[in-house]
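# Structure assessment
Residues per chain, in single letters:
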Amino acid sequence: MTAPDSDLTIDPEALRRRAELALRTARDRTHALTTCVDEPDLTAQHSPLMSPLVWDLAHIGNQEEQWLLRAVGGREALRPEIDSIYDAFEHPRAERPSLPLLAPTEARGYVHEVRGRVLDILERIELRGAPLIDAGFAFGMIAQHEQQHDETMLITHQLRRGPAALTAPPPPETADGAALPEEVLIPGGPFTMGTSTEPWALDNERPAHHRLVPAFHIDTTPVTNGAYERFIADGGYGERRWWTAEGWAYIQEHGLAAPLFWRREGGQWLRRRFGVTEPVPPEEPVVHVSWYEADAYARWAGRRLPTEEEWEKAARHDPDSGRSRRYPWGDADPAPDQANLGQRHLRPAPAGSYPKGASPLGVRQLIGDVWEWTSSDFLPYPGFRAFPYREYSEVFFGPGHKVLRGGSFAVDEVVCRGTFRNWDLPVRRQIFSGFRTARDAS
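Residues numbered from 1 in each chain as written. Predicted model: local features only at pLDDT ≥ 70, side-chain atom pairs only at ≥ 80, totals over all residues. Heavy atoms only, no water.

## A word on the overall build of the chain
- Across its full length, the chain carries nine helices and 12 strands.
- In terms of principal-axis extent, the alpha carbons of the chain reach across some 60 × 50 × 40 Å.
- Once local pairs closer than 6 in sequence are excluded, the contacts in the chain between residues at least 24 apart make up 78%.
- For the chain, the accessible area works out to roughly 17,700 Å², and carbon and sulfur atoms hold 52% of it.
- For the chain, the centre of its 50 positive side-chain charges and the centre of its 64 negative side-chain charges are spaced 2 Å apart. (Helix = DSSP H or I, 4+ residues; strand = E, 2+ residues; numbered from the N terminus. Contact = heavy atoms within 4.5 Å. Areas by Shrake-Rupley, 256 points an atom, 1.4 Å probe, with all protein chains shown as cover. Lys, Arg positive; Asp, Glu negative; His and termini not counted. Charge placed at Lys NZ, Arg CZ, Asp CG, Glu CD.)

Structure (structure tokens):
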């Protein structure tokens, strides 16, 4: 097994502290998501699309035990008998409630014991010399894994029925959103896609390679609820011509007529958001739409979804220097005034927010707020190598999954960078997914 290319010049103690902070930040969020409801809500399956919250909790601990205690630390297994129960590939989500899951108290004790031993290993180990530990990769991988499950648990909270269990302040107001141009021209030419130097980048983000992308226009902001309402009002869900054959069949079979969690009442659109019913805010990016819906809207608007390489060029390419940045604003980690991340606000910010997070050409909200569907299938980059296991990315490659980019308000910064790739089935709507549109420059 070969280690992924990474930047090994980072100060080892700074790297150790970064890994510890990432692990602790993820655990604080896991704790908040699993202590805000009573035990029946932890053990219930709120949707056949999702696991019981208590399954996610123990799965987080089991993955940490397998990779950091056993593989990195060389320690004996604490609970080998539960490995199969918490194997995500062995048991589909719909089956998980019938498994002999750890009860909430036992699951909390298990993840706490694992974490204590992991922090002891982190204090003692030299973070170089083997594929899994070079630049602290395995610790970063596990922090990202936990944050990904935190986002999954937040989706479960959104699907859960009952009174609100989570609260957060609204995102900041935007001062100039209405005055922004509708689209931005991205000049044609080469750019560097992917990465070979980001220490904690996952296998599907690697390696860095050159792409030649023709000039195109892309929306300055994600498509808003107000714009999407116009698609609905114009009969978009009833016009076969806007939909792919698969998309049309799907919405007909399931009777879809609006984004998930929307309903029409008293002449206005309402939505349910984490236990609260409220009017749909027209200025926010639309969320909880499938790829089929995003693609149909783009056709209706006379546009298309951007390709994955177009999205990444818009987000990372600096036309002055010709290099690719880590983020639209530069190489520094996200600050709260640059992107809506980390479950700080429990909703997307109004379109046009976060001017400090804009790309060099002025595209906004490429990071955070909503995952953005692209037109691209999830495929490997040239020179891809599975690391450290095939089941993270490789088994999903192909035309069945579409790529999403940019993260959402539910994503932590450790799992969100300009090269990060998400993917899902085109029918998925429970995820925090939105989109922006594009068109050829010609």
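Structure shown, so let's carry the discussion forward.
## As for the nonpolar core
- Formed by 117 residues in total, the largest nonpolar core has its most connected members in Val-72, Phe-139, Leu-154, Tyr-228, Trp-243 and Phe-435.
- For Phe-139, the contacting residues outside a window of four places in its chain are Ala-19, Leu-23, Leu-68, Val-72, Val-118, Ile-121, Leu-122, Ile-125 and Leu-127. (Core = buried A, V, L, I, M, F, W, Y, C linked by side-chain atoms within 4.5 Å. Buried < 20%, exposed > 50% of the residue type's maximum accessible area, 1.4 Å probe, protein only.)

## Some remarks on the environment of Ser-98
- With respect to the helices and strands, the residue Ser-98 is situated in the loop between α3 (53-72) and α4 (104-124).
- Taking relative accessible area as the criterion, Ser-98 reaches 64% and is therefore assigned exposed.
- C-alpha separation for the pair Ser-98 and Ala-22, spaced 76 residues apart in sequence, amounts to 33 Å.
- Here the side chain of Ser-98 touches Glu-95 through a polar contact of 2.6 Å, landing on its backbone oxygen. (Polar contact = N/O pair within 3.5 Å; in protein donor to acceptor, adjacent residues only side chain to side chain.)

## Some thoughts on the layout of surface pockets
- A volume near 1,300 Å³ is recorded for the largest pocket.
- Taken together, 42 residues line the largest pocket, and the ones lying closest to its centre are Ala-88, Arg-93, His-149, Phe-396 and Trp-423.
- Mapped by element, the contributors of at least two residues to the lining of the largest pocket are α3, α5 (137-159) and β10 (422-424).
- With seven residues, the top contributor of residues to the lining of the largest pocket is α3.
- In terms of residue class, the lining of the largest pocket is made up of 19 nonpolar, 13 polar and 10 charged. (1 Å grid on protein atoms, 1.4 Å probe; cavity = no way out; pocket = protein on both sides within 12 Å on 5 of 7 lines; lining within 4 Å. Points joined across faces, edges and corners; volume = space filled by probe spheres on them. Nonpolar A, V, L, I, M, F, W, Y, C, P; charged D, E, K, R; others polar.)

## Observations concerning the UniProt feature "domain: DinB-like" (unreviewed entry) in the chain
- According to UniProt, the feature "domain: DinB-like" (unreviewed entry) maps to residues 22-153 in the numbering used here.
- With 58% helix and 0% strand, residues 22-153 has its two end C-alpha atoms placed 18 Å apart. (UniProt positions renumbered as here; feature names shortened; annotations may be inferred.)

## So, the packing of helix α1 (residues 12-35) against α5
- α5 packs onto α1 with a crossing angle of 20° between their chain directions and a minimal axis gap of 9 Å. On the basis of the axis angle, α1 is roughly parallel to α5. In the crossing of α1 with α5, the sense of the turn from one axis to the other is left-handed. Here Ala-19, Ala-22, Leu-23, Thr-25, Ala-26, Arg-27, Arg-29, Thr-30, Leu-33 and Thr-34 of α1 come into contact with α5, specifically with Phe-139, Ile-142, Ala-143, Glu-146, Gln-147, Asp-150, Glu-151, Met-153, Leu-154 and His-157. (Axes fitted to C-alpha atoms, helices over the stretch in contact; angles between N-to-C directions. Parallel < 35°, antiparallel > 145°, perpendicular 65-115°, else oblique. Left-handed = near helix turned anticlockwise from the far one by under 90°.)

## Re the pattern of salt bridges
- Under the counting rule described, the total for this entry stands at 47 salt bridges.
- As a salt-bridge pair, Glu-20 and Arg-24 come within 2.9 Å of each other at their nearest N and O atoms. Placement of both Glu-20 and Arg-24 in helix α1 is noted, with a separation of four residues, approximately one turn of the helix.
- On the basis of relative accessible area, Arg-24 is assigned to the partly exposed category, the value being 41%.
- A salt bridge links Arg-70 to Glu-65; the nearest nitrogen and oxygen atoms lie 3.0 Å apart.
- What makes Glu-65 buried here is its relative accessible area of 0%.
- Three or more residues joined by partner-sharing salt bridges are found here, namely Glu-13, Arg-16, Arg-17, Glu-20, Arg-24 and Glu-123. (Salt bridge = Lys/Arg side-chain N within 4 Å of Asp/Glu carboxyl O.)

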